[in-house]
Amino acid sequence: MHDFVGLKGKPMIGKGHNKFWYFVLASFHLWFLLLYFYFSGLKIDYNHASLPRENSKNFYVRNSNSVNARGKETRDVARSSKDTNVTGNPIDNFFIGGDWDKYLDEMSKVNKELKQVNKEHLTENEAQSKEESDKAVGSKENGVDSVPVEEKIEEVSDPSSDSDSGPCSGRYIYVHDLPSQFNDDLIKHCESLSEWTNMCFFMSNLGLGPRLGNSEKVFSNTGWYDTNQFMLEVIFHNRMKQYKCLTNDSSLASAIFVPYYAGLDVVRYLWNSHRSVRDFCSLNLVKWLRETPEWKRLWGRDHFLVAGRITWDFRRITKSADWGNRLMLLPESKNMTMLTIEASPWSQNDFAIPYPTYFHPSRDGEVFQWQHKMRRTKRRFLFSFAGGARPNLTNSIRGEIINQCLATRRRCKLLDCVSRSNGCYKPVYVMKIFQMSTFCLQPSGDSYTRRSTFDSILAGCIPVFFHPGSAYVQYLWHFPKDYTKYSVFIPANKVKKGKVSIERTLSRIPKAKVLAMRDQVIKLIPGVVYANPRSSLETLEDAFDITIDGVLEKVKKTRRDIKQGKDVSDNGEEFTWKKRLFGTVGKHEWDPFFDRS
């Protein structure tokens, strides 16, 4: 046995030897405890995180079992759908389990907190209490002190008030870097988005779809794509990436974009999945947003989101309902500006923007050339209809429209959409018929609006509406307020009761009026198409540009109202459509069209 040697070269034996080993053991235990508590803290933080800021790499689990926050398998979700895709991210278990009552309890607390911010006048004591509460919550959750409510609003009420007087003053937009499960992962797994359509086909060219040839001389030689009507959120996001006034400093932003592909998310589960599965991503999106510093400034009132489906797919009113999710009914969503291809006429924060068409120009010249072609096009038919009957919908007038069209074949062209094998799903046939027609009938289908409306405008065909919800209370940023300048309105109930002849009504419109209406329709073309995301128009504003203007103006007004102490909270929806269109809530001839009783 060898003696250990001390620092001065003397042997360490006896008590000195023991003291040395006590010192080593004590040091070892101390370091062990420090490392234990350090890594235990990391584990606790991880298990309690709602969603990581960085992108998740393992969003889809391609099997029949779901994975909860602890990495354990649960079959509750799997039983509700054979092809359910769920995440393995660390989130609260009740989101996965579908305990909606528990979520509602939490949301009621959050809703009270949101409404507290919107009181017209906070007393001095209330403001002080709110300041202390915000600081406590901010220190606990984010490790930083929060600013009092009134100071927060004042601080960001006018982001353009700094020295920046350039073209981006008041137009800066900050884009949230969402975890990839909310957007990119949906595209990567496009084969699972629909049971009937291979959506991967439409993902090419940044969401525009495959290029269209022009062998039949119906289109232009460039700028035309086979675009799916539900690809708006992908197209819009890719346009946003080229927006000239993006900023990485959210404090400079006049508005904040949330690039969540809500439509691609919900469509996977609309028909055969449990409600908890449909709500999964939207619940976790708002939870993720609530934890960002950008959200806490105005409680999301400067945030906007684009959803590429109609609003009713995101408004499941009751827990027992079978259709859609509850994205647009969540307290947080009611603070954001929600952009959809069809909005609720009664919602204060729901705005409709145009459906994608087949035309996505890269240069102004392509638009001018197309407009010139539509002005010179000869139109053989007085009116046309492309669509199918809705025999299962009691109030549908499509059957009557088809019968009237068939009764006057020389003046009406019908493209009957009764199966997916006919020309209704081929862009060349649809656009050819609309270019041959003076008027294009646009009755409601499964919902108020139709993509066909924008296809007809693109073809220079005057749209004929039968319900004000099909356009007049929808696309307020993109269509003239005076609808008589660009369209014809025939009340649906008169058609249903056989009191009106569509042919007689349209043929009696003076020729000069028809020419003026067609000219107005053709002038609308630049504002209802989305330019190619790889480029931007120079002198023209497309649908994206007009939408951004509308969002910025809406957020600016909201900031001004908050600064003036006005209540900007959700105060109900009953008369919103009249407030937006006419600035009044009095009686109106369209009231029967919007009777929700």
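Residues numbered from 1 in each chain as written. Predicted model: local features only at pLDDT ≥ 70, side-chain atom pairs only at ≥ 80, totals over all residues. Heavy atoms only, no water.

Colleague: Even after reading the chapter, I still don't get the environment of Trp577, so can you show me in this structure?
Modeller: Within the secondary structure, Trp577 is located in helix 19 (residues 576–582). You can call Trp577 buried: its relative accessible area is 3%. Among all residues touching Trp577, those that are not within four sequence positions of it are Pro345, Trp346, Val473, Phe582, His588, Trp590, Asp591 and Phe594. (Helix = DSSP H or I, 4+ residues; strand = E, 2+ residues; numbered from the N terminus. Buried < 20%, exposed > 50% of the residue type's maximum accessible area, 1.4 Å probe, protein only. Contact = heavy atoms within 4.5 Å.)

Colleague: What am I meant to see in the packing of helix 7 (residues 232–240) against helix 18 (residues 543–563) here?
Modeller: Working note: a packed helix pair is described by the angle between its axes plus the distance between those axes. Between helix 7 and helix 18, the shortest axis-to-axis distance is 11 Å and the interhelical angle comes to 80 degrees. With respect to helix 18, the axis of helix 7 lies roughly perpendicular. Note on element contacts: helix 18 touches helix 7 through Phe544, Asp545, Thr547 and Ile548, opposite Phe236, Arg239 and Met240. Here the residues of the contact of helix 7 with helix 18 sort into four nonpolar, one polar and two charged. (Axes fitted to C-alpha atoms, helices over the stretch in contact; angles between N-to-C directions. Parallel < 35°, antiparallel > 145°, perpendicular 65-115°, else oblique. Nonpolar A, V, L, I, M, F, W, Y, C, P; charged D, E, K, R; others polar.)

Colleague: Help me out: how do you make sense of the sheet that holds strand 9 (residues 350–352) in this one?
Modeller: Hydrogen bonds along the backbone pair up the strands of a sheet, which may run parallel or antiparallel. With respect to topology, five strands assemble into an open sheet ordered 5-6-7-8-9, the strand pairing being parallel. The open sheet terminates on both sides in strands that have one partner only, identified here as strand 5 (173–175) and strand 9. Strand-to-strand twist in this sheet, taken as the mean axis angle between neighbours without regard to direction, amounts to 30 degrees. Note that strand 7 (residues 303–310) and strand 8 (residues 337–342) share five bridges and pair parallel. Bridging from a neighbouring strand, Ala307 pairs with Thr340 of strand 8. Its contacts with the sheet put helix 7 on strand 5, strand 6 (255–258), strand 7 and strand 8, and the angle it makes with strand 7 is roughly 145 degrees. (Pairing = 2+ DSSP bridges.)

Colleague: I'm lost on the pattern of salt bridges in this one. Help?
Modeller: Pairing is possible between side chains of opposite charge, provided their charged atoms come close. By the definition in use, this model includes 21 salt bridges. Note that Arg559 and Asp302 form a salt bridge whose closest N and O atoms lie 3.5 Å from each other. Residue Arg559 is located in helix 18, and its partner Asp302 is located in the loop between helix 10 (293–298) and strand 7; the two are separated by 257 residues in the primary sequence. Here Arg559 matches Asp302 in class, with each residue buried. A salt bridge links Asp519 to Arg375, with the nearest nitrogen and oxygen atoms 3.6 Å apart. Of this pair, Asp519 sits in helix 17 (residues 511–528) while Arg375 is found in helix 11 (residues 364–376), placing the two residues 144 residues apart along the sequence. Taken together, the salt bridges that share partners define one network made up of Arg239, Asp542 and Asp545. (Salt bridge = Lys/Arg side-chain N within 4 Å of Asp/Glu carboxyl O.)

Functional significance is not addressed by these values, which are geometric in nature.
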